Amino acid sequence: MSARGQVSAGELLQLVRSGRAVTRGALQQATGLSRATVGQRLDRLFRAGWLREGAGGPVGSPLGGRPSITLEFDDSHAVVLAADLETRHARAAVLSLTGEILAEHSGTLVVEDGPDAVLGDLGHWFGELLEKAGHRAEEVCGIGLAVPGPVDTVSGRVVQPPIMPGWDSYDIRGRLARAFTEATGAPPVPVLVDNDANLMAYGEQRTGFPDCSAFVLVKVSTGIGAGVVVDGSLFRGIDGGAGDIGHIRVGAEALCRCGSYGCLAAVASGGAVARRLAEDGVPAASGSDVRDLLAAGHPAASALAREAGRQVGDVLATVVTLLNPGVLMIAGDLAGTAFLTGVRELLYQRALPRSTAHLHVVTSRLGERAGLVGAGALVVEHLYAPERVEERLMALGV
């Protein structure tokens with residue numbers, strides 16, 4: 001927090017949103033600001049429509065008196081748009097600022113059709129979803145997008161994505177902002193882009209495991225990737241490459257879509273299992289096909305999923321030893337009983353007991369919505385960060 005006397009309106013909003021200080025008196029105590037200065041800072045937030053008064057709290061003095069009026073973040077002043085791209089399918093949604101999904105759509109979008117076409121289609125989806133949710137395009141404060149590839153978060157561009165041909169270094173943020181404007185007529189809004197496993201991890205950790213200081217999610221679908229949340233923040237590495245465990249070499253001879261041989265994704269992803277099933281005469285072309293076969297109890301699919309889980313579990317023993325997470329979550333097309341059984345077999349066999357003593361191995365709680373929830377949360381945390389609140393309040397003239 002800034003030095004005393006320099007605490008901004010944005011920092012007061014952060015204290016209220018986090019629940020650390022939700023009355024004027026508590027804000028004075030937390031910041032050392034005078035009552036008048038707190039009032040001036042809060043007035044700006046009220047005029048922007050970002051803060052509201054809630055019910056009275058308990059009386060703080062043994063002498064009685066009026067109860068303190070609580071302060072609340074007003075999540076009704078704006079909405080967020082979010083989308084989660086897979087290789088042949090996408091989901092999009094309108095979300096409240098607190099993460100509630102207000103309207104949702106899923107359908108076929110093929111990333112190999114290229115970014116211009118795919119992002120243009122998303123713009124149309126957003127326009128239709130806003131109408132369905134009963135919100136105006138002018139209420140949108142930002143857009144979050146999850147993509148199945150490594151993302152340089154500074155530029156918002158994917159970097160050499162193995163399963164996104166034609167997307168390398170493309171200006172995703174600019175094109176999606178234009179697509180939103182073309183579809184709705186509203187001014188462009190900020191667009192944030194991140195890796196799908198990252199955003200799934202962010203959504204799952206924030207909603208289901210907020211007290212877990214080291215959280216790892218592994219998504220096993222067409223490819224394999226991991227998202228890592230440490231102390232409530234995404235760990236991305238120096239240029240967005242953290243968590244790309246699908247391209248760890250495991251000694252096999254299979255050719256990976258990245259062009260190398262022996263990658264984990266080439267032998268243990270949903271796509272790899274689908275190929276092996278197809279070779280045995282079982283109709284399967286993608287991880288989603290394998291998911292359907294697993295749901296139907298197909299014995300060959302179950303056996304291959306368990307084998308894939310063992311291969312992934314072998315790699316995760318190193319991940320767990322390195323990061324010592326409290327929660328390891330398995331998500332994606334293969335995240336079922338057979339795969340999870342295989343993961344547990346090798347993970348607990350290879351990792352030291354010290355590394356797994358307090359580890360919870362679980363499956364996704366948010367399911368297919370995890371990426372949407374994480375993308376929405378990313379936008380909100382970005383736009384309502386203290387330093388950005390100041391910029392936005394000044395732009396609003398309050």
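Residues numbered from 1 in each chain as written. Predicted model: local features only at pLDDT ≥ 70, side-chain atom pairs only at ≥ 80, totals over all residues. Heavy atoms only, no water.

Description of the nonpolar core
Side chains that are nonpolar tend, in soluble globular proteins, to be buried together. So the rule is basically this: In this description, a nonpolar core means a group of buried Ala, Val, Leu, Ile, Met, Phe, Trp, Tyr and Cys residues linked to one another through side-chain atoms lying within 4.5 Å. Here's how the labels work: a residue is buried when its accessible area is under 20% of the maximum for its type, exposed when over 50%, partly exposed in between, all with a 1.4 Å probe on protein chains only. Each helix is a run of DSSP H or I of at least 4 residues and each strand a run of E of at least 2, with the numbering of both proceeding from the N terminus. Whether two residues touch is decided by their heavy atoms; if any such pair falls within 4.5 Å, the residues are in contact.
Val218, Ile224, Leu277, Leu316, Leu328 and Leu347 are the most contacted members of the largest nonpolar core, which totals 39 residues. Elements supplying a minimum of two residues to this core: strand 10 (214-220), strand 11 (224-230), helix 7 (264-268), helix 8 (270-279), helix 9 (287-295), helix 10 (299-323), strand 13 (327-331) and helix 11 (337-350). For this core, the leading source of residues is helix 10, giving 10 residues. Those residues in contact with Ile224 that lie beyond four places of it in its chain are Val218, Lys219, Asp244, Ile245, Gly246, Leu264, Ala265, Ala268, Ser269 and Val312. Ala92, Ala103, Leu119 and Leu130 belong to the second-largest nonpolar core, a separate cluster that totals 34 residues.

Remarks on helix 9
Note the following rule: As used here, the arc belongs to the directions running from the helix axis to the C-beta atoms.
Looking at helix 9, one finds that the buried residues are Gly287, Val290, Leu293 and Leu294. Projected down its long axis, helix 9 shows its buried positions confined to an angular sector of 115°, all on one face. Check the buried side of helix 9 and you find it contacts helix 8 and helix 10. Residue Gly297 follows helix 9 closely and has a positive phi angle near 75°.

Thoughts on the pattern of salt bridges
Selection criterion: Salt bridges are defined as contacts in which a side-chain nitrogen from Lys or Arg sits within 4 Å of a carboxyl oxygen from Asp or Glu.
Within the structure shown, the criterion is met by 25 salt bridges. A salt bridge links Arg17 to Glu381, with the nearest nitrogen and oxygen atoms 2.9 Å apart. Of this pair, Arg17 sits in helix 1 (residues 9-18) while Glu381 sits in helix 13 (residues 370-383); the two residues are 364 residues apart in sequence, bridging distant segments of the chain. The exposure class of Glu381 is partly exposed, given its relative accessible area of 23%. One salt bridge connects Lys219 with Asp196, and the closest N-O pair in it is separated by 2.8 Å. Taken as a pair, Lys219 in strand 10 and Asp196 in helix 6 (residues 196-208) lie far apart in primary sequence, 23 residues in all. By relative accessible area, which is 7% here, Lys219 ends up buried.

A word on the pairing of strand 3 (residues 79-85)
Our working rule: If DSSP finds at least two bridges between two strands, the strands pair.
Counting buried positions along strand 3 yields 7 of 7 residues, so the element is predominantly enclosed. Here strand 3 folds back onto strand 4 (residues 90-96), and the loop between the two strands holds 4 residues. Relative to strand 6 (residues 140-147), strand 3 runs parallel, the two being bridged by 6 bridges. Bridge pairing links Asp84 to Ala146 in strand 6.

Structural notes on the packing of aromatic side chains
Selection rule: Geometry of aromatic contacts follows a simple scheme: Phe, Tyr and Trp rings, the Trp one being its six-membered ring, pair when their centres are within 6.5 Å, and the pair is stacked under 30 degrees between planes, edge-to-face over 60, tilted otherwise. A ring is scored as having a charge over it whenever the NZ atom of a lysine or the CZ atom of an arginine sits within 6 Å of its centre and within 35 degrees of its normal.
Scanning the model with the defined rule gives 3 aromatic pairs in all. Relative to Tyr384, the ring of Trp50 has its centre 5.3 Å away and its plane inclined at 75°; by these criteria the two rings are edge-to-face. Placement of Trp50 in the loop between helix 3 (35-48) and strand 1 (51-56) and of Tyr384 in the loop between helix 13 and helix 14 (386-396) is noted, with a sequence separation of 334 residues between them. The exposure class assigned to Trp50 is buried, which follows from its relative accessible area of 3%. Centre to centre, the rings of Phe209 and Phe215 are 5.8 Å apart; their planes meet at 40°, and the pair counts as tilted. The ring centre of Phe73 lies 5.1 Å from the NZ or CZ of Arg17, which sits over that ring. Above the plane of the ring of Tyr384 lies Arg392, whose end atom (NZ or CZ) is 4.7 Å from the centre.

Some remarks on the sheet that holds strand 10
This is how it is decided: The axes are straight lines fitted to the C-alpha atoms, using for helices just the contacting stretch, and the angles between their N-to-C directions are given from 0 to 180°.
Pairing within the open sheet is mixed, and its 5 strands lie in the order 12-11-10-13-14. The sheet terminates laterally at strand 12 (233-234) and strand 14 (360-363), the two strands that pair on one side only. Looking at chain direction, strand 11 and strand 12 are connected through 2 bridges and run antiparallel. Within the sheet, the bridge partner assigned to Val230 lies in strand 12 and is Ser233. Across the sheet, helix 10 touches strand 10, strand 11 and strand 13, and the angle it forms with strand 10 is around 160°.

Overview of the packing of helix 8 against helix 10
Applied cut-off: Our angle categories are set so that under 35 degrees counts as roughly parallel, over 145 as roughly antiparallel, 65 to 115 as roughly perpendicular, and the remainder as oblique. Crossing chirality is assigned from the near helix's rotation relative to the far helix, an anticlockwise turn below a right angle marking it left-handed and a clockwise turn marking it right-handed.
Packing of helix 8 against helix 10 brings their axes to within 10 Å, and their N-to-C directions diverge by 140°. On the basis of the axis angle, helix 8 is oblique to helix 10. The crossing of helix 8 and helix 10 is right-handed. On the side of helix 8, the interface is formed by Val273, Arg276 and Leu277, while helix 10 contributes Ala300, Ala301, Leu304, Glu307 and Ala308.

A word on unusual backbone geometry
Phi angles above zero are rare outside glycine, and Gln160 is one such case at about 45°. In this structure, Gln160 sits in the loop between strand 8 (157-158) and helix 5 (172-184). Judged by its relative accessible area of 63%, Gln160 is exposed.

Comments concerning the sheet that holds strand 6
Taken in spatial order, the 5 strands of this open sheet run 5-4-3-6-9, and their pairing is mixed. In the strand order of this sheet, the two ends are held by strand 5 (101-107) and strand 9 (191-195), each with one partner. Adjacent strand axes in the sheet meet at a mean angle of 15°, parallel and antiparallel pairs treated alike. As defined by bridge partners, strand 3 adjoins strand 4 across 7 bridges and the pair is classed as antiparallel. Counterpart to Ala83 in the pairing with strand 4 is Ala92. Along the sheet, helix 6 makes contact with strand 3, strand 6 and strand 9, crossing strand 9 at roughly 100°.

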